[in-house]
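This is what each chain is made of:
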Amino acid sequence: MGKWKKLGIGGLGIVVTLSLLFFFTGTLQTKSQQGKLPKGAEEIARARGLSPQDIEAALKTYVPTGKYDEYIMFSSGGHSGQILVIGVPSMRLLKVIGVFTPEPWQGFGFGSKESGDILKAGYMPVGKDRTLTWADTHHPALSETNGDYDGQYLFINDKANSRIAVIDLRDFETKQIVKTPNMISDHGATFVTPNTEYVIEGGQYAAPIPFSNYAPLEEYKEKYRGLITFHAFDRKKGRIDESRSFQIELPPYWQDLCDAGKKESYGWAFCNSLNTEMATGGIEEGKPPIEAGASQRDMDYLHVINWKKAEEVVRAGKVKEISGIKVIPLETAVSEGILYFIPEPKSPHGVDVAPRGDYIVVSGKLDTHTTIYSFKKIQNAIKAKNFEGKDPYGVPILNFNDVVEAQVEIGLGPLHTQFDDKGNAYTSVFIESTIAKWTLGEPYNPKEKAWKLVEKIPVHYNVGHLVCAEGDTVSPDGKYCVSLNKWSIDRFTPVGPLHPQNFQLIDITGEKMQLLYDMPIGIGEPHYVQMIKADKLSPWLVYPEVGFNPATMSKSDTAPLPGKEKIERKGDTVEVWMTAIRSHFNPERIKVKEGDKVVLHITNIERARDATHGFAIDGYNINLSLEPGETSTVEFVADKPGVYPFYCTEFCSALHLEMAGYLLVEPKK
Amino acid sequence: MRRLNIFSILLLFLITTTTGFSQNGYRESALSWQKQAKDTRKAVVGVLEELEKIGDKGNPDAKGLIEDTKKWLEEGDNALSKADKEIEKEDYEKASYDYNMAWQYYVKAATAGLNAKRVLTGQ
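Residues numbered from 1 in each chain as written. Chains lettered and ligands numbered in written order. Predicted model: local features only at pLDDT ≥ 70, side-chain atom pairs only at ≥ 80, totals over all residues. Heavy atoms only, no water.

## Here's the deal with the overall build of chain B
- Looking only at helices and strands, chain B features 4 helices and 0 strands.
- When the elements of chain B are put in sequence order from the N terminus, they spell out α-α-α-α.
- Burial status across chain B gives 54% buried among its 123 residues.
- Counting every atom, chain B has about 5,900 Å² of accessible surface; 50% of that belongs to carbon and sulfur. (Helix = DSSP H or I, 4+ residues; strand = E, 2+ residues; numbered from the N terminus. Buried < 20%, exposed > 50% of the residue type's maximum accessible area, 1.4 Å probe, protein only. Areas by Shrake-Rupley, 256 points an atom, 1.4 Å probe, with all protein chains shown as cover.)

Right, here's the structure in full:
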């Protein structure tokens, strides 16, 4: 026993855990003749100061080389404007998808016409310089069929500029960016309706409609408004169809997160709000700051929106067209029974619909409860016109006590809720930095077990959202949750005053929640994440045909093909059809004159998995990524005379350095 | 540490019993926020006293968080003192906002204090 003393009580646990590991690996060994547990395992654990819990956590998260993760998370990349693709349980970063921000590795926004056009579509509609090169990505949403993730598309919003992006999960590339008309900020986005009929984008900070119509803050109540957009999604085309999209005008409260009803509540959407006080600040003039003005009232309003009814109203033409989109005026939304309010604990964040669509869970950040509303009770109250009054804009307000089902006391600062497959809910609790597990009511649990706090686990620190495996669908998987913490404080090796965020993986399969892994996120402040079973995704390994254009997701008529390479001059335009294969470009010499317009079409004619080529022209800020089969076009003016090598930026073969050529720009005489 | 947990529970109770703008006007609202701000302050002071007894144990993160707790407490006290003067002058609207602001600073102090506790104890 002597040498185990240092391990103390934990030592026994290590023995048990290692014995279990040996048992399982031993079983495997008889089948596959794989290696034994190394004799030095105990010494490694001891030398590294690992507790039995650490070892168990390691066993639950380690994914050996060549093996794949069970789940994939799509995480907002926060300020980076990108999306992070992360494997679970390994928490390995698999990819960063360029979305709103130019991303050089993928050649996104560095010369390729296709990606340039996508980014330009998301620029500002007004102003001299309309360029936007960053985004504050918040809430990714996977496309759904019957309320379940279908693994086809992914959407994400840009809170800073009110934009929505569409990513095709066949190639994990951004296909479309829409600058939402009339709106300048959003937050309740993106959330999809159960068959991805619409991508919901709720606004955040009220502004005139459109935002470019100036109005002073003194006219806030009269001229400022909230907005919610229902972006119609054309699944066949894989694009948002703005001609079928519509907006609903709302009072100038600050709408927050939304969720779409499902199953029982299909056809409805729910959005939180804050600042129903309509505070506009003015700290510099001695007025109360917005944070005080916006939290004077006990309650804000949960917005209950009948989007099916809104569709009918749009079809009936009871809309205004503003900035090219149909807008249902506020008075029409009220008179047609599209919009209702319910009092909700102030300054709420998450509004989350339970898997059967029967309950709506709201978390007020300055409350200590989650408040659960019954969809049936809401419907009954609407039918009975049982309203406690109207807000200043005429929106009927349902009586809180008529529609509330339960309140569960969970802690200081509840924020966002997800669900498992056993009738439990998990809520992030911001102020006290915990994840709280609690039970749903009937029919998820018998009455005696309903609406009870089960357990809380500390997280590190200041948790914002959380995600559980498929935890916002009609059929959550359970298994894992991830706490998306805003602060990491002491969790990682210091890297300067700007700390990484901290994603903490939690095993929720046992009696007690178990913290498994900390993943630093050093690229921005991710807000929300969705986690899908990996086998629901069917990404391509190479593009289906040589000459494939990812922007159109079809073979390009103009794609250069082997044997068809050429250079043509027409006036001041030099057009080049080029192919790329290990380890050369063809052609390798491009001679132009200063001031010529150069149009380069390049196809990677490789068919092997992972045989990607880059194409960079020195000094011209051009870099493409050409995946096997992909074709792309670059257009630029050769305004800099001289000699500019171009080369492949991927280490594609032993002769990678030789995969190069020259752009010769002859000076004007 | 047990006392720290008691203060956490007290804070939970105080934040549960939030109040706000009342239909009866700013006076009631101001008095209500005054009570909540002062009650929350007591709980924060309790957390801070316990943290000071324990000390930061040389942990720079805990030290920073304890400093933050003190700073937020001070900010809250400034707002509270401003509101007290306003209520004496029967300027209930301003008092209501400033008591609210004091309460918000105390909640921030509580967040920092609880994080310090988490850093020091893991719980």
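From this point, the narrative continues.
## Things to note about the state of the cysteines
All names here are of chain A.
- Per the stated rule, a full pass over the model turns up 2 disulfides over all chains.
- Paired through a disulfide, C258 and C271 show a sulfur-sulfur distance of 2.2 Å. Between C258 and C271, the S-S torsion sits near 105 degrees, and that sign places the bridge as right-handed. In this pair, C258 is assigned in strand 13 (residues 254–260) and C271 in strand 14 (residues 268–274), connecting sequence segments 13 residues apart.
- Its relative accessible area of 1% is what places C258 among the buried residues.
- C271 sits in the buried class, given a relative accessible area of 2%.
- The residue that forms a disulfide with C468 is C481, at a sulfur-sulfur distance of 2.0 Å. Residues C468 and C481 are joined by a disulfide whose S-S torsion is about 95 degrees; by sign, that bridge is right-handed. (Disulfide = S-S within 2.5 Å.)

## With respect to the confidence of the model for chain B
All names here are of chain B.
- The predicted model of chain B has a mean per-residue pLDDT of 83, with 80% of residues at 70 or higher.
- At the low end of the mean pLDDT range in chain B sits helix 1 (residues 2–16), at 55; at the high end sits helix 3 (residues 60–88), at 94.
- Low pLDDT, under 50, characterises residues 16–23; the stretch is placed with 28 contacts to residues that sit more than four places away or in other chains. (pLDDT = per-residue confidence, 0-100. Contact = heavy atoms within 4.5 Å.)

## Looking at unusual backbone geometry
Residue and element names in this part refer to chain A.
- The omega angle of the peptide bond from V88 to P89 is 20 degrees, so this bond is cis rather than trans.
- Within the secondary structure, P89 sits in the loop between strand 2 (83–88) and strand 3 (93–97).
- The linkage connecting R582 with the following residue, S583, adopts the cis geometry, with an omega of 0 degrees.
- By secondary structure assignment, the location of S583 is in the loop between strand 37 (573–581) and strand 38 (584–586).
- Positive phi values are uncommon outside glycine, yet D610 reaches one of about 80 degrees.

## Focus on the packing of helix 3 of chain B against helix 4 (residues 92–121) of chain B
All names here are of chain B.
- Viewed as axis vectors pointing N to C, helix 3 and helix 4 meet at an angle of 165 degrees, and their least axial separation amounts to 8 Å. When the interaxial angle is binned, helix 3 and helix 4 end up roughly antiparallel. Considering how the two elements wind past one another, helix 3 and helix 4 form a crossing that is left-handed.
- Partitioning the contact of helix 3 with helix 4 into residue classes produces 21 nonpolar, 4 polar and 10 charged. (Axes fitted to C-alpha atoms, helices over the stretch in contact; angles between N-to-C directions. Parallel < 35°, antiparallel > 145°, perpendicular 65-115°, else oblique. Left-handed = near helix turned anticlockwise from the far one by under 90°. Nonpolar A, V, L, I, M, F, W, Y, C, P; charged D, E, K, R; others polar.)

## A closer look at the side chain of D158 of chain A
Residues and elements named next belong to chain A.
- By secondary structure assignment, the location of D158 is in strand 5 (residues 148–158).
- On the basis of relative accessible area, D158 is assigned to the buried category, the value being 0%.
- Within polar-contact distance, the side chain of D158 engages the backbone nitrogen of A160 at 3.0 Å.
- Ignoring anything within four residues of it in the chain, the contact list for D158 reads F100, W134, A135, D136, R163 and D186. (Polar contact = N/O pair within 3.5 Å; in protein donor to acceptor, adjacent residues only side chain to side chain.)

## Digging into the sheet that holds strand 21 (residues 369–374) of chain A
Residues and elements named next belong to chain A.
- Taken in spatial order, the 4 strands line up as 19-20-21-24 in an open sheet, and their pairing is antiparallel. The sheet is open, and its two edges are formed by strand 19 (348–353) and strand 24 (404–409), each paired on a single side. Ignoring strand direction, the axes of neighbouring strands in this sheet form an average angle of 20 degrees. (Pairing = 2+ DSSP bridges.)

## Focus: the pattern of salt bridges
- Here the structure, examined in full by the defined rule, presents 39 salt bridges over all chains.
- Residue E285 of chain A pairs with K287 of chain A through a salt bridge whose shortest N-O separation is 3.3 Å.
- On the accessibility criterion, E285 of chain A (56% relative accessible area) is exposed.
- With its nearest N and O atoms 2.5 Å apart, the salt bridge here joins R41 of chain B to D77 of chain B. Here R41 of chain B, found in helix 2 (residues 26–54), pairs with D77 of chain B, found in helix 3; they are 36 residues apart in sequence, far enough to count as distant.
- In this structure D77 of chain B comes out as partly exposed when scored by relative accessible area, which is 22%. (Salt bridge = Lys/Arg side-chain N within 4 Å of Asp/Glu carboxyl O.)

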